[in-house]
Amino acid sequence: MSRMSSRSAALLLALWLTVSILGAASAASAVDAGPGDAPGWCFRTNSQGDLPTCTFVDGQWHRSYNSDGLGADGSGIPGAFVFLFVLVLIAGVAITVWQVTAARRMARASGMNEGDATAMTLLTDDGFEATYLAANLRGQTAPGTPAPATAASTADRLKQLGELRDQGLITSEEYDGRRTAIIDSV
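Residues numbered from 1 in each chain as written. Predicted model: local features only at pLDDT ≥ 70, side-chain atom pairs only at ≥ 80, totals over all residues. Heavy atoms only, no water.

1. Some remarks on the overall build of the protein chain
Phase 1: For the protein chain, the count of helices and strands is seven helices and three strands.
Phase 2: Starting at the N terminus and walking to the C terminus, you meet the elements of the protein chain as α-β-α-β-β-α-α-α-α-α.
Phase 3: Looking at the 186 residues of the protein chain, the share that counts as buried comes to 19%.
Phase 4: For the protein chain, the proportion of contacts with a sequence separation of at least 24, taken over those separated by at least 6, is 44%.
Phase 5: Carbon and sulfur atoms make up 61% of the accessible area of the protein chain, which totals about 13,300 Å². (Helix = DSSP H or I, 4+ residues; strand = E, 2+ residues; numbered from the N terminus. Buried < 20%, exposed > 50% of the residue type's maximum accessible area, 1.4 Å probe, protein only. Contact = heavy atoms within 4.5 Å. Areas by Shrake-Rupley, 256 points an atom, 1.4 Å probe, with all protein chains shown as cover.)

Laid out in structure tokens, this is it:
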């Protein structure tokens, strides 16, 4: 398939955005310098109650709060965005599962290959609609095409041929030629 489906492109874009936002947010961390000889000062919590990592460098204590990217100080990803992203992801998976299940059911009911219906649904933009259309058109004749006649048994055909001869609608020669053709077709 030469072009990517819109569903695949949207999924790749969502993944790229998520990785970009999470990567930028996790790189943030706050570093404070405190009074040089007061190690107790270093162990104070921040406004969210997080304990710092304290290091003694060049005669001074330094504290840093590692941000996980989801902080309440506005430096991380808002919880509503994460919730919305997860909700959209779950909805997309649920819709895809429903489409594949429905396509397989339609294929099974119409005698089509279920694997082909699944592939068509997942790999093309209009695959579900195409599967629906193919399943509904399978076995139907084109408009204006006469329905195929049901094949009569050999005995019925010979009986009808005899009735036509008895009614005088065909000659004995026609009867003999047709009778031979019917018997040869068996």
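2. Quick look at helix α6 (residues 154-166)
Every α-helical turn comprises 3.6 residues, leaving residues that sit three or four positions apart pointing alike.
Phase 1: Spanning 13 residues, α6 covers 18 Å between terminal C-alpha atoms, matching the ideal 18 Å at 1.5 Å per step.
Phase 2: In the stretch just after α6, Gly 168 is the one whose phi turns positive, near 85 degrees. (Expected span 1.5 Å × (residues − 1).)

3. Description of the packing of aromatic side chains
Phase 1: Enumeration over the complete set of coordinates arrives at one aromatic pair.
Phase 2: Ring geometry for Trp 98 against Phe 128: centres 5.3 Å apart, planes inclined by 50 degrees, an arrangement best described as tilted. One end of the pair, Trp 98, is in helix α3 (residues 79-110); the other, Phe 128, is in helix α5 (residues 127-137), with 30 residues separating them in the sequence.
Phase 3: What makes Trp 98 exposed here is its relative accessible area of 51%.
Phase 4: For Phe 128, a relative accessible area of 16% corresponds to the buried category.
Phase 5: The ring of Tyr 175 carries Arg 165 above its face, with NZ or CZ at 4.1 Å from the centroid. (Phe/Tyr/Trp six-rings, centres within 6.5 Å; stacked < 30°, edge-to-face > 60°. Lys NZ or Arg CZ within 6 Å of the ring centre and 35° of its normal.)

4. A closer look at the pairing of strand β3 (residues 60-66)
Phase 1: Of the strand pairs in this sheet, strand β2 (residues 53-57) and β3 are connected by five bridges, and their pairing is antiparallel. The residue bridging Thr 55 from the neighbouring strand is His 62, located in β3.
Phase 2: Where β2 hands over to β3, the hairpin turn is made up of two residues, of which Asp 58 adopts a positive phi near 50 degrees. (Pairing = 2+ DSSP bridges.)

5. Side note on the confidence of the model for the protein chain
Phase 1: For the protein chain, per-residue confidence averages 75 on the pLDDT scale, and residues scoring 70 or more make up 66% of the total.
Phase 2: Across residues 24-33, confidence stays below pLDDT 50; counting only partners more than four residues off in sequence or on other chains, it has 24 contacts. (pLDDT = per-residue confidence, 0-100.)

6. Some thoughts on a nonpolar patch on the surface
Phase 1: A cluster of nonpolar residues, Phe 81, Val 82, Val 86 and Ile 90, forms a patch on the protein surface that exposes about 320 Å² of accessible area.
Phase 2: Tracing the chain through its elements places Val 86 in helix α3.
Phase 3: We classify Val 86 as partly exposed; its relative accessible area is 40%. (Patch = residues over 30% accessible without salt bridge, like charges linked within 9 Å, V, L, I, M, F, W, Y side chains within 5 Å. Salt bridge = Lys/Arg side-chain N within 4 Å of Asp/Glu carboxyl O.)

7. Details of the pattern of salt bridges
Phase 1: Under the criterion given, the structure shown has three salt bridges.
Phase 2: A salt bridge links Glu 114 to Arg 104, with the nearest nitrogen and oxygen atoms 3.1 Å apart. Of this pair, Glu 114 sits in helix α4 (residues 114-123) while Arg 104 sits in helix α3, placing them ten residues apart in sequence.
Phase 3: Put simply, Arg 165 and Asp 166 hold a salt bridge, and the shortest N to O gap is 3.7 Å.

8. Concerning the nonpolar core
One recurring pattern in soluble globular proteins: nonpolar side chains tend to sit buried together.
Phase 1: Of all hydrophobic cores here, the largest spans seven residues; its members are Ala 102, Ala 103, Met 106, Ala 107, Ala 117, Phe 128 and Ala 135.
Phase 2: The dominant element in this core, judged by the number of residues it contributes, is α3, at four residues.
Phase 3: In this structure, Phe 128 is in contact with Trp 98, Gln 99, Ala 102, Ala 103, Met 106 and Thr 121, ignoring residues within four places of it in sequence. (Core = buried A, V, L, I, M, F, W, Y, C linked by side-chain atoms within 4.5 Å.)

9. Digging into the packing of α4 against α5
Phase 1: In contact at an axis separation of 6 Å, α4 and α5 are set at 145 degrees when each is read in the N-to-C sense. Every residue of α5 that contacts α4 at Ala 117, Met 120 and Thr 121 is listed here: Gly 127, Phe 128, Ala 130 and Thr 131. (Axes fitted to C-alpha atoms, helices over the stretch in contact; angles between N-to-C directions.)

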